[in-house]
Amino acid sequence: MLRRFGPSLLLRVYFETADGGYYSPMFEDCFEALPVPEFLGRLTKVDYALNFTYDKVPSRCGSGGLGKYIPTDYLLVGGSSYPVSKVIAHYDPRLDIGVYSDYWRSAGGRIPKALRCEGKDTFLFFAAGLAKYPPKFFNSKHGFTEIRRVFMRSNRGIYVVGYMKVDEIADLTQFSSKITSSLREGGIEKVWEEAVKAYGERVIKTPHYARPVDLPVVILSEEGHYGFFREPIPLIEWVGKKRVLSKYSYMFGIMGSEDRVRQKVFSDSRTEEIVRTLERDGFLST
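The structure displayed is predicted, hence computed values, not measured ones. (Residues numbered from 1 in each chain as written. Predicted model: local features only at pLDDT ≥ 70, side-chain atom pairs only at ≥ 80, totals over all residues. Heavy atoms only, no water.)

Peer 1: Outline the nonpolar core, supporting the account with residue identities and numerical values.
Peer 2: Buried together is how nonpolar side chains tend to be arranged in soluble globular proteins. Judged by nonpolar contacts, the single largest core of 72 residues is most densely connected at Leu10, Tyr22, Phe125, Tyr133, Phe229, Phe252 and Leu278. In terms of residue count, strand 12 (residues 226–239) provides more of this core than any other element does, five residues in total. Those residues in contact with Tyr133 that sit more than four places away from it in its chain are Tyr22, Tyr23, Ser24, Pro25, Phe138, Ile147, Val150 and Phe151. (Core = buried A, V, L, I, M, F, W, Y, C linked by side-chain atoms within 4.5 Å. Buried < 20%, exposed > 50% of the residue type's maximum accessible area, 1.4 Å probe, protein only. Helix = DSSP H or I, 4+ residues; strand = E, 2+ residues; numbered from the N terminus. Contact = heavy atoms within 4.5 Å.)

Peer 1: So what's going on with the sheet that holds strand 7 (residues 99–102)? Which residues, and what values?
Peer 2: Here three strands make up an open sheet; going across it, the order is 7-11-10 and the pairing antiparallel. Edge positions in the sheet fall to strand 7 and strand 10 (168–171), since each has one partner strand and no second. Looking at each pair of strands side by side, their axes are set apart by 20° on average, direction ignored. Where strand 10 lies against strand 11 (residues 217–220), four bridges are found, and the strand directions are antiparallel. (Pairing = 2+ DSSP bridges. Axes fitted to C-alpha atoms, helices over the stretch in contact; angles between N-to-C directions.)

Peer 1: Pulling in residues and values, what's your account of the packing of aromatic side chains?
Peer 2: One pass over the structure, following the stated rule, counts 24 aromatic pairs. When the ring of Phe27 is compared with that of Tyr69, the centres are 6.3 Å apart and the planes differ by 40°; the resulting orientation is tilted. Residue Phe27 is found in the loop between strand 2 (24–25) and strand 3 (37–39), and its partner Tyr69 is found in the loop between helix 1 (46–49) and strand 4 (74–77); the two are separated by 42 residues along the sequence. Among the residues examined, Tyr69 registers a relative accessible area of 3% and is labelled buried. Ring pairing ties together the aromatic residues Phe15, Tyr22, Tyr54, Tyr74 and Phe144, which thus form one cluster. For the cation-ring pair, Lys45 lies above Tyr209, with the distance from its terminal atom to the ring centre recorded as 4.6 Å. One Lys or Arg, Arg60, reaches over the ring of Phe31 and ends 4.4 Å from the middle of that ring. (Phe/Tyr/Trp six-rings, centres within 6.5 Å; stacked < 30°, edge-to-face > 60°. Lys NZ or Arg CZ within 6 Å of the ring centre and 35° of its normal.)

Honestly, that's just the spatial picture; any functional story needs more than this.
Here it is as structure tokens:
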């Protein structure tokens, strides 16, 4: 069967200088991807939200949770500082179960309607800032200021770290308009319950479910169509004081070293180029 490609999207979604305050750690044979922090005080389902403390999000490098990389005092959320006890991990995307929640661009989110492209292979690619900290630095706990100071002196960069093939899109706002009026009387909670019946438990496996009024677009991937890459794909790297682009940069829409890699939308033909290049180089097996 002839393979047909649709559009794709590159999103930066993990710790950065304004959300978190530093980059995720990169080791010789492994890298972490720290979800950005979310202020617990803005969430209503607090008991559910506490499932997403950093200690409960599993580490990719070694045992335990991601709490070992979190400072003892505070983190930045949107550029403002919050005590660590008042934040959770915004564990989204879930590259362990193939789920990503966001909003259509027309509603202030980052998902273009063009991604809804049935019969074609469409993808999400996720970027993260990664930094090389001193050996054994995270074997002991540190305050935010110390981690930030060491980070600012580190070799670091922005990398593509994972992907999801768009197999199904659960638009909860559209979904809510289709259920009966009697069900709508149950409010937001009832919409989520009906979405679980239609799409499975995965749709509530992010902190979006803990927010007071939130009906996102939930993108779902089938088994084998999502995950972290075996090694991060460089886009921009700091070598000393110089920023260097890689052979993959232009392909992912990076035109200069000052690009902050927020979001990039790719055409059908560029998606095909990206996927076939990553397959050829051993990053993807789709």
